[in-house]
Structure formats: C-alpha cells, structure tokens
Amino acid sequence: MEEKMLVFLKPDGYVRKYVGARALKEIMKLEPSVDYFGEFRPDKMFMSDKHYANLKGKPIFEWLIRYVTSTPIIAMIIGGEGIAQKVRTLLGATLCENADPSSIRGRYGIGRGMNVAHASESAEVGEKEVNMWKSMLNILEGADYESKAREYIEKYENYPMIDSIRFREIGGDLNKGKIKADEAKETFKYFIAQETDLDIDSLDEFLSVSVDNFLR
Ligand code: UDP
Ligand code: MG
C-alpha cells in the first residue's frame, strides 16, 4: 500500500552536517516520493501539544521538547510502499545504545535519546503526522522537493564527522561524575564546531541540551 510519512532530522542531525546527509542518503536509496523537504523551526507548543502530545507526562518529556526545539530541523514528507517500516528499520531502536551498530541511530546518534531523526512509526501514525505537519509547513505546489533533498545530501555528504563514540564517552564520564558539565559542554562544542557550517555561538542551547541528555 502506498503510504505517506513524516521524517525530520532532529537538531543533532541538523547541526552535524555529515550525520544528517548520511541519514537522508540512506532514506533516499529507498526511492520514496518526496512531497516536501525543507528547513523548519517548530515552536515548543506545536511539539509538546501536537507532535509529541502522546508522550506528555513521561519523565523524558521536558528534555525531549527542549532537544527538538533547540535548533531548526529538516522536515520531509515522503511516500512509498511500506515506507514507514523501511525507514524505521534504517533508523534502528529509539535509544542509540540499544540500536543495531549498523543502523543510523546506532552508528551516528550522540547517545541515549539524541538519535538523529524522527520517523513516523507506522502507516497510521504517518497519516496523522503528515496531516498535522502539512498545516504548519509552507508546501509549494509543483516544487521539486526531491531535487532539494538531493542537493542537501550532495552539499554535506563529504563533511567531516567526529565519531559518535567520542560523544558517548564524554557523556558516560559526565554521567559518572568523572568530569563536570562545563567541561563536557566545551568538548562537545569543540567537536560540533568541526562538523557544522552553523555559527557555533548560536548553538548554546543545543550544547546545553546535549550535556543534560547525559545527566537525566
Ligand atoms: N526518548 C528518550 N528516552 C526514552 C524514550 C524516548 O530520550 O526513554 C526520546 C527520543 O528522542 C525518542 C523520542 O523521545 O526518539 C520519542 O520517543 P518515541 O518512543 O516515540 O521513540 P521513536 O519513535 O522516536 O523511536
Ligand atoms: Mg515515536
């Protein structure tokens, strides 16, 4: 059955340019139809009351909303036969450490719930999320969104990347109290500066969220 789904690069996938391009490249290999591709900054209310409303009350909820609104994201609406299940298989399990090391989250996630990308978990959820997001996104009739996706991948697929294991090691040390939060933040800043073309001074909240990820 032809189905539609929502995918977005979360702030780590947006900021770490190679990681995002790599995830998008693997998804594009599935040859989905591309109904939308673009940068978007969702507000906190949309993420907490609509997109992640089903997770309200969970211990991770406040951190999660801070995380997904800490920078813009890259949003995508794609379609295809069994597409949601295929993309979810590429992504791997929710928590990076539980995800298969060959999956996107297992290989490229910063750690724990900082896991590169969101993808609708089923055809039913896909339909719901696409409807929810369609009203927020400025989707232009007749635009070639597939080319936009391919241009983004081409631009960033050869960017430098710091092995995600290094983020997880710092995160582990922080969690065990071996290093302090400001030390971890400085190290993350040093790593991220090598992986992005964004102004590093605009990423303070993202860096704080990355540190807090390992303290929760
Ligand atoms: N999350 C987390 N810890 C958890 C569960 C979820 O940090 O124990 C975060 C993670 O970023 C995840 C998001 O919350 O991707 C949404 O959770 P969900 O259960 O929907 O996982 P997903 O569908 O993204 O795999
Ligand atoms: Mg989910």
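Above this note sits the structure.
My aim in this report is to walk through the structure given alongside it, one point at a time. (Residues numbered from 1 in each chain as written. Chains lettered and ligands numbered in written order. Predicted model: local features only at pLDDT ≥ 70, side-chain atom pairs only at ≥ 80, totals over all residues. Heavy atoms only, no water.)

Under the defined criterion, the tally for this structure stands at 13 aromatic pairs. Geometrically, the ring pair formed by W63 and Y67 is stacked, given 5.0 Å between the ring centres and 25° between the ring planes. Note that W63 and Y67 are positioned in helix α4 (residues 61–68) at a spacing of four residues, about one turn of the helix. No difference in accessibility class separates W63 from Y67, as the two residues are buried. Chaining the aromatic ring pairs together yields one cluster made of F167, F188, Y190, F191 and F214. If you follow K17 out to its NZ or CZ, it ends over the ring of Y14, 4.1 Å from the centre. Taking the ring centre of Y156 as reference, the NZ or CZ of K17 above it sits at 4.9 Å. (Phe/Tyr/Trp six-rings, centres within 6.5 Å; stacked < 30°, edge-to-face > 60°. Helix = DSSP H or I, 4+ residues; strand = E, 2+ residues; numbered from the N terminus. Buried < 20%, exposed > 50% of the residue type's maximum accessible area, 1.4 Å probe, protein only. Lys NZ or Arg CZ within 6 Å of the ring centre and 35° of its normal.)

With that out of the way, let us pick up the pattern of salt bridges. If you walk through the whole model with that rule in mind, you get nine salt bridges. When the shortest N-O distance is used, the salt bridge between R22 and E26 registers 3.2 Å. Here R22 pairs with E26, and both are found in helix α2 (residues 17–28), just four residues apart, close to one helical turn. Here the salt bridges share partners, and the residues they tie into one network are R66, E205 and D212. (Salt bridge = Lys/Arg side-chain N within 4 Å of Asp/Glu carboxyl O.)

Bringing the site of ligand 1 into the picture now. Near ligand 1 you find 14 residues, and of these K10, R88, T94, G113 and N115 are the closest. A distance of 2.7 Å is found between an oxygen atom of ligand 1 and a backbone nitrogen or oxygen belonging to G113. A distance of 3.1 Å separates an oxygen atom of ligand 1 from a polar side-chain atom of R216. In isolation ligand 1 offers 500 Å² of accessible surface; the protein chains occlude 79% of this area. With three residues, the single largest contributor to the shell around ligand 1 is α4. (Near = heavy atom within 4 Å. Polar contact = N/O pair within 3.5 Å; in protein donor to acceptor, adjacent residues only side chain to side chain. Areas by Shrake-Rupley, 256 points an atom, 1.4 Å probe, with all protein chains shown as cover.)

Grouped burial of nonpolar side chains is what soluble globular proteins tend to show. Counting 68 residues, the largest nonpolar core has F37, M76, I78 and W133 as the members making the most contacts within it. Dropping the residues within four chain positions of it, W133 is found in contact with L6, F8, F40, F46, M47, H51, I73 and A75. (Core = buried A, V, L, I, M, F, W, Y, C linked by side-chain atoms within 4.5 Å. Contact = heavy atoms within 4.5 Å.)

Counting buried residues in helix α11 (residues 204–213) gives seven out of ten residues, a clear majority hidden from the surface. Restricting attention to buried positions, one finds in α11 the residues F206, L207, S208, V209, S210, V211 and N213. Elements that come into contact with the buried residues of α11 comprise α1 (11–15), α4, α9 (164–175) and α10 (181–195).

Here the focus is the pairing of strand β3 (residues 73–81). The buried fraction of β3 amounts to eight of the nine residues, a majority that puts the element mostly inside the structure. Pairing geometry for strand β1 (residues 2–9) and β3, over eight bridges, is antiparallel. Its bridge partner lying in β3, E3 is registered against G80. (Pairing = 2+ DSSP bridges.)

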